[in-house]
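# Survey of secondary and tertiary structure
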Amino acid sequence: MRIGGLLVLTVLFELNLSHYSSAQIVSRKSIHIETPYSDLSRLGKYLYDSLYYDSAINQQEHEFVTFQYKSDSLNVESYLCQSKNLHEKKWPVIFYNRGGTGNYGKLTNEIFPYFYELAREGFIVLGTNYRFVNENGKYDEIGGADVQDVINLIELVKKWPQVDTTNLFMMGLSRGGLMTYSTARKLDFNAVAVVSGVSNSIKQYEYRPIFLEGWNDLSEDENYLGLSNVLPDFEEKKEKYLLDRSPTEWAEEIKSPVLILHSRQDGFVPVSQAFLMAESLENSNASYQLKVYNKKSHALPSWNFDSTEEIITWFKQHLAE
């Protein structure tokens, strides 16, 4: 095994997107973050320290943008961070797949400081909220139709004139790891990275059956019905549903180099998920690296881990000239 607010939307961005029909870009706006660190959510304070957060929201070189795009017949929200100097070159892209389920863990403006951390290394960074949010949150398929939202976003972005289509990367956290593997099963990337990702839903849902059964002890917006109540004919098709959500079972179909980062003390997605995926990639003679941290964490925030540095290094190693 190899271990290894508000700002006017800039004219440039307006021009870059205006030629797309309303069937693709539905709406867009630029965001200026004014939320003080003290008012961040518990997750936001876990991800960032106050010094980095303040520097990120006050920087002037990159812009934060949200837009809605068409995915099948649905309007899906996306978050984007990019340089204000897009005219300088064509830019490599990092597609980010969020974690969580339904409205729990959905992308908000609090993601922008992290996107900036990646974008300042020379990338356009963006991610989708998938279709299962807001009133649809409790119906999340966790690796079903939502994968198409990722694919549709990629196909849209590849048409943007500022994008270097020879340098496309993808990463995901937790559930987003599953989304990353599932997308890389269908599309090729220069490289992908998975942080604390689910790689085998059969074993993960034995460990945490709540994702099959659902929960009702959070807010109404964050409660979830569970896969067994969302997917049709679940009992009859359970094996197929879970196999489709278990990348360890089809690792040979992933052709992109994979970086896996995980904590040995992750209480949400056990480190065995990383080991199982590494083993499957090894058996497929795939290109991958695995790094396991001994400090307890799930998201591996960069103020306490070198996770972002590892991801950027991995992606830059796989940049096409």
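Residues numbered from 1 in each chain as written. Predicted model: local features only at pLDDT ≥ 70, side-chain atom pairs only at ≥ 80, totals over all residues. Heavy atoms only, no water.

## Things to note about the overall build of the chain
In terms of helices and strands, the chain carries 12 helices and nine strands. The C-alpha atoms of the chain give a radius of gyration of 19 Å, which matches the 20 Å a tight globule of 321 residues would have. In terms of its C-alpha atoms, the chain occupies a principal-axis envelope of roughly 50 × 45 × 40 Å. Carbon together with sulfur atoms contributes 49% to the accessible area of the chain, which is approximately 14,200 Å² in total. If you average the places of the 31 positive and of the 42 negative side-chain charges in the chain, the two averages end up 1 Å apart. (Helix = DSSP H or I, 4+ residues; strand = E, 2+ residues; numbered from the N terminus. Rg over C-alpha atoms; globule rule 2.2 N^0.38 Å. Areas by Shrake-Rupley, 256 points an atom, 1.4 Å probe, with all protein chains shown as cover. Lys, Arg positive; Asp, Glu negative; His and termini not counted. Charge placed at Lys NZ, Arg CZ, Asp CG, Glu CD.)

## Some details on the pairing of strand 7 (residues 191-195)
Most of strand 7 is tucked away, with five of its five residues classed as buried. Alternating positions in strand 7 separate into two faces, Ala-191, Ala-193 and Val-195 on one and Val-192 and Val-194 on the other, with burial throughout. Summarising the sheet, strand 6 (residues 163-173) and strand 7 pair through five bridges and their orientation is parallel. Note that in strand 7 the partner of Met-171 across the bridge is Ala-193. Crossover handedness for the path strand 6 to helix 6 (residues 175-184) to strand 7: right-handed. (Buried < 20%, exposed > 50% of the residue type's maximum accessible area, 1.4 Å probe, protein only. Pairing = 2+ DSSP bridges. Right-handed = clockwise from strand over helix to strand, strands pointing away.)

## As for the side chain of Gln-273
Relative to the assigned elements, Gln-273 resides in helix 11 (residues 272-283). If near-sequence neighbours (up to four positions away) are discounted, Gln-273 is found in contact with Gly-197, Val-198, Ser-199, Asn-200, Lys-203 and Gln-204. (Contact = heavy atoms within 4.5 Å.)

## Some remarks on the pattern of salt bridges
Taken as a whole and judged by the stated rule, the model has 11 salt bridges. Note that Lys-291 is salt-bridged to Asp-306, the shortest N-O span being 2.7 Å. Of this pair, Lys-291 sits in strand 9 (residues 288-293) while Asp-306 sits in the loop between strand 9 and helix 12 (307-317), placing them 15 residues apart in sequence. Classification of Asp-306 as partly exposed rests on a relative accessible area of 26%. Through salt bridges with shared partners, a single network forms among Asp-72, Arg-131 and Asp-149. (Salt bridge = Lys/Arg side-chain N within 4 Å of Asp/Glu carboxyl O.)

## Examining the packing of aromatic side chains
All chains considered together, the criterion is met by 16 aromatic pairs. Seen from their ring centres, Tyr-48 and Tyr-52 are 6.1 Å apart, and the 40 degrees between their planes marks the pair as tilted. No difference in accessibility class separates Tyr-48 from Tyr-52, as the two residues are buried. Ring geometry for Tyr-293 and Phe-305: centres 5.3 Å apart, planes at 90 degrees, overall edge-to-face. Of this pair, Tyr-293 sits in strand 9 while Phe-305 sits in the loop between strand 9 and helix 12, and the two are 12 residues apart along the sequence. Ring pairing ties together the aromatic residues Tyr-37, Tyr-48, Tyr-52 and Tyr-53, which thus form one cluster. Directly above the ring of Trp-250 sits Arg-185, whose terminal nitrogen or CZ lies 4.1 Å from the centroid. (Phe/Tyr/Trp six-rings, centres within 6.5 Å; stacked < 30°, edge-to-face > 60°. Lys NZ or Arg CZ within 6 Å of the ring centre and 35° of its normal.)

## Some words on the pairing of strand 3 (residues 74-83)
Taking burial as the measure, the 10 residues of strand 3 include seven buried ones, the bulk of the element. For strand 2 (residues 62-71) and strand 3, the ladder comprises 10 bridges, and the chain directions are antiparallel. Note on strand 3: the bridge partner recorded for Lys-70 is Asn-75. Connecting strand 2 to the next strand, strand 3, in antiparallel fashion are two residues, including Asp-72 with a positive phi near 55 degrees. For strand 3 and strand 5 (residues 124-128), the ladder comprises four bridges, and the chain directions are antiparallel. The residue bridging Cys-81 from the neighbouring strand is Val-125, located in strand 5.

## Examining the packing of helix 3 (residues 50-58) against helix 4 (residues 112-119)
Here helix 3 crosses helix 4 at 75 degrees, and the two axes come no closer than 9 Å. Here helix 3 lies roughly perpendicular to helix 4, going by the angle between them. Taken together, the residues of helix 4 that come into contact with helix 3 (itself represented by Tyr-52, Tyr-53, Ala-56 and Ile-57) are Pro-113, Tyr-116 and Glu-117. Tallied by class, the residues present in the contact of helix 3 with helix 4 amount to six nonpolar, no polar and one charged. (Axes fitted to C-alpha atoms, helices over the stretch in contact; angles between N-to-C directions. Parallel < 35°, antiparallel > 145°, perpendicular 65-115°, else oblique. Nonpolar A, V, L, I, M, F, W, Y, C, P; charged D, E, K, R; others polar.)

## Describing a nonpolar patch on the surface
On the surface, Leu-43, Tyr-46 and Trp-303 cluster together into a nonpolar patch covering about 300 Å² of accessible area. Within the element layout of this structure, Trp-303 appears in the loop between strand 9 and helix 12. With relative accessibility at 44%, the residue Trp-303 sits in the partly exposed group. (Patch = residues over 30% accessible without salt bridge, like charges linked within 9 Å, V, L, I, M, F, W, Y side chains within 5 Å.)

## Examining the environment of Pro-36
Following the sequence through the fold, Pro-36 ends up in the loop between strand 1 (25-31) and helix 2 (42-47). With 21 residues separating them in the primary sequence, Pro-36 and Ile-57 have C-alpha atoms 9.6 Å apart.

## Some words on the nonpolar core
One finds Phe-67, Phe-95, Leu-126, Trp-160, Phe-189 and Ile-260 to be the most contacted residues of the largest nonpolar core, which totals 43 residues. The biggest single contributor to this core is helix 5 (residues 146-157), with seven residues. When neighbours within four sequence positions are excluded, Phe-189 is seen to be in contact with Phe-95, Ile-154, Leu-168, Phe-169, Met-170, Thr-183, Ala-184, Ser-256 and Pro-257. Within the second largest apolar cluster, 39 residues are counted, among which are Leu-40, Tyr-116, Leu-300 and Phe-305. (Core = buried A, V, L, I, M, F, W, Y, C linked by side-chain atoms within 4.5 Å.)

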